[in-house]
Amino acid sequence: MDLYDSSQCRVVQSKEAAEDTESRLPWAGFSSRLPWAGFSSWLECVCVVTFDLELGQAIELVYPRDVKLTEKEKTSICYLSFPDSYSGCLGDTQFSFRLRQSVGRKTSWFGEDAYSRDAPVTLQRELAHFCGYVYFRQVKDASVKRGYFQKSLVLVSRLPYVNLFQSLLQIIAPEYFEKLEPCLEAVCNEIDQWPPPVPGLTLSLPVMGVIMQIRIPSRNDKPSGSPVKQTQRENLIPAPLTLPTVHELDLFKCFQSFLIHLQMLWELMLLGEPVVVMAPSPTVSSETVLSLVSSVAPLRYCCDHRPYFTIHDPEFKEYTTRTQAPPNVILGVTNPFFIKTFQSWPHIIRLGELKMSGDLPKQVKVKKLAKLKTLDTKPGIYTSHKTFLQKDKSLIKKLLKGIQRKRPAEVQSAILRRHLLELTQSFIIPLERYLASLMPLQRSVTPWKTPPQIRPFSQEDFIGTLEHAGPQLTSVLKGDWIGLYRRFFRSPNFDGWYRLRHKEMSQKLECLYLEVICDADLLAWTKDKSEVEIVDLVLKLREKLMKADRQQLPVKEGVLDKLEGYIQTIVLSLPEDLQAVLHRH
């Protein structure tokens, strides 16, 4: 059967119940808005990349067919979709990449504000980059001139849902390689029928006779070291494939060869330092980079990161120039040529195949950068970085004991993730507490004055709060926390965190102001005011309403409607000529 009918996988329920449920869901009326609207809320496109004897890597197919990729984007996808020749990947290989979009491209997502408002900061849609998820197959094939069948199926998305999309590829890619284009068209049509990713909801996504059940993380979720357990719905036939997480990788598997240096790597990520990960394959490269980036959650990693990077990348020259300091970026590479290219970079993680020392994974050593010279450089962390904080030896012992006792990998990952989460929170909580103190008092917000401003962030004032309200309240780790904060202030991660929090606080002030105006007696205020002052008030209130709507401010229910009613009442109290002017505007 080449074409799959998604109707075979739907939830069994009555027609009336279905219609009633559909009308109340956040995506009611969603499918009738735009062609491929459902599809584009998950994916930008699906690409098939093949190896052509004359052209090299070439895009064979892009679906939906009306998707417009620039030539630069197509070339990048081609090179990033194949492991380089040094990896020697035979059979099936899965990995991820991230590429910069061409300048001037507009986002195709039409509900950006709603998703970005409710999704965690670490899972925001990419606005300037594409995420690529690759399933590459290389097998012997006597019918092909080169003697090998080489092809990649690539899902291109703006969502950083690596676990979801790699799981989806495991379902559709083997089938596609057997049945080709008709199968792909059917899959895209099924994805187009999926509900959009609404943060906080558990969704059932049918594809090729399988139902994937996932939960979209929400900003309101309680931080946890382990994925949220999902309750399985009884009326799903067949039984769903439940994914415990859409975005988390096996953290323990990625970090097991450098567990004793976890503290150092967390600091490098927190400070946005330039890092190169040299790995034996694109799979190890991409999973390691994504795991490192996730190690500072719930803080958003605001630097550039490339899970898989090649010499053909448009940014290759920009990132390898020696005329200026290396940029704040983490690169995952597999080509040994990069060892020479990146000799001037301050931090290089060289990974080999995992080796065991008895029951335990052999731990790589920290080495001097001067030793990084030859193509056969041994695995290790090549850096001169001196850690600000001491290692957590109890965590290392716990994890190593877990290996000896054959503790499940998902439990080890949960222990590791919780440790990193608590460490990041211990670092961020004092910053959050200080920032909250810069917010004007609620009683200072009055309806007849411009809302007060948030006080500026003073690094020295913040440092002064650490003696009594520092990380020592929640973390047992000793070390130079103040030195770590001072370095953090110079990093893109601090800049990104501060901009976001300042924007959220400004919006909260705006909401407070609207609520205070709503509780004021506006009509009484207009009694002794001139027409010019009243018109000025109406125009300002309208501007506030438009801004609240445009920014989707989280105003209390009923406030905007009440304010709209006040405006109408005030306008009707004015002379007819002024009413006509205000109605036109």
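Preceding this paragraph is the structure being described.
Heads up: these notes are all about the structure in this document. (Residues numbered from 1 in each chain as written. Predicted model: local features only at pLDDT ≥ 70, side-chain atom pairs only at ≥ 80, totals over all residues. Heavy atoms only, no water.)

## Considering the side chain of Ser76
Relative to the helices and strands, Ser76 resides in helix H3 (residues 71-80). Classification of Ser76 by relative accessible area gives buried; the value is 9%. Residues within four places of Ser76 in sequence aside, it is in contact with Leu99 and Pro314. (Helix = DSSP H or I, 4+ residues; strand = E, 2+ residues; numbered from the N terminus. Buried < 20%, exposed > 50% of the residue type's maximum accessible area, 1.4 Å probe, protein only. Contact = heavy atoms within 4.5 Å.)

## Structural notes on the packing of aromatic side chains
According to the stated counting rule, one finds 31 aromatic pairs in the structure shown. Aromatic pair Trp36 and Phe39: ring centres 5.5 Å apart, planes at 75°, arrangement edge-to-face. With a centroid separation of 5.0 Å and 75° between ring planes, the pair formed by Phe462 and Tyr485 is classed as edge-to-face. Taken together, the positions of Phe462 in helix H14 (residues 459-469) and Tyr485 in helix H15 (residues 481-488) put the pair 23 residues apart, joining distant regions of the chain. Residues Phe462 and Tyr485 agree in their burial class; the two are buried. A cation over an aromatic ring shows up here: Arg125 above the ring of Tyr115, its NZ or CZ 4.9 Å from the ring centre. (Phe/Tyr/Trp six-rings, centres within 6.5 Å; stacked < 30°, edge-to-face > 60°. Lys NZ or Arg CZ within 6 Å of the ring centre and 35° of its normal.)

## Here we look at the pattern of salt bridges
Enumeration according to the criterion identifies 24 salt bridges in this entry. Among the salt bridges present, the one from Arg117 reaches Asp118, with a minimum N-O distance of 3.3 Å. On the basis of relative accessible area, Asp118 is assigned to the partly exposed category, the value being 27%. Salt-bridge contacts for Arg215 lead to Asp221; the nearest nitrogen and oxygen are separated by 2.8 Å. (Salt bridge = Lys/Arg side-chain N within 4 Å of Asp/Glu carboxyl O.)

## Comments concerning the sheet that holds strand E4 (residues 129-140)
If you walk across this open sheet you meet the 5 strands as E2-E1-E5-E4-E3, and the pairing is antiparallel. In this open sheet, the two strands that pair with only one neighbour each are strand E2 (56-63) and strand E3 (91-100). Across the sheet, the mean angle from the axis of one strand to that of its neighbour is 25°, orientation sign disregarded. Judged from the 6 bridges that link them, strand E1 (residues 45-52) and strand E5 (residues 148-157) form a sheet pairing that is antiparallel. Bridge pairing links Thr50 to Lys151 in E5. Sitting on the sheet, H3 is in contact with E1, E2, E3, E4 and E5, with an inclination near 145° to E3. (Pairing = 2+ DSSP bridges. Axes fitted to C-alpha atoms, helices over the stretch in contact; angles between N-to-C directions.)

None of the figures reported here should be taken as evidence of function without further support.
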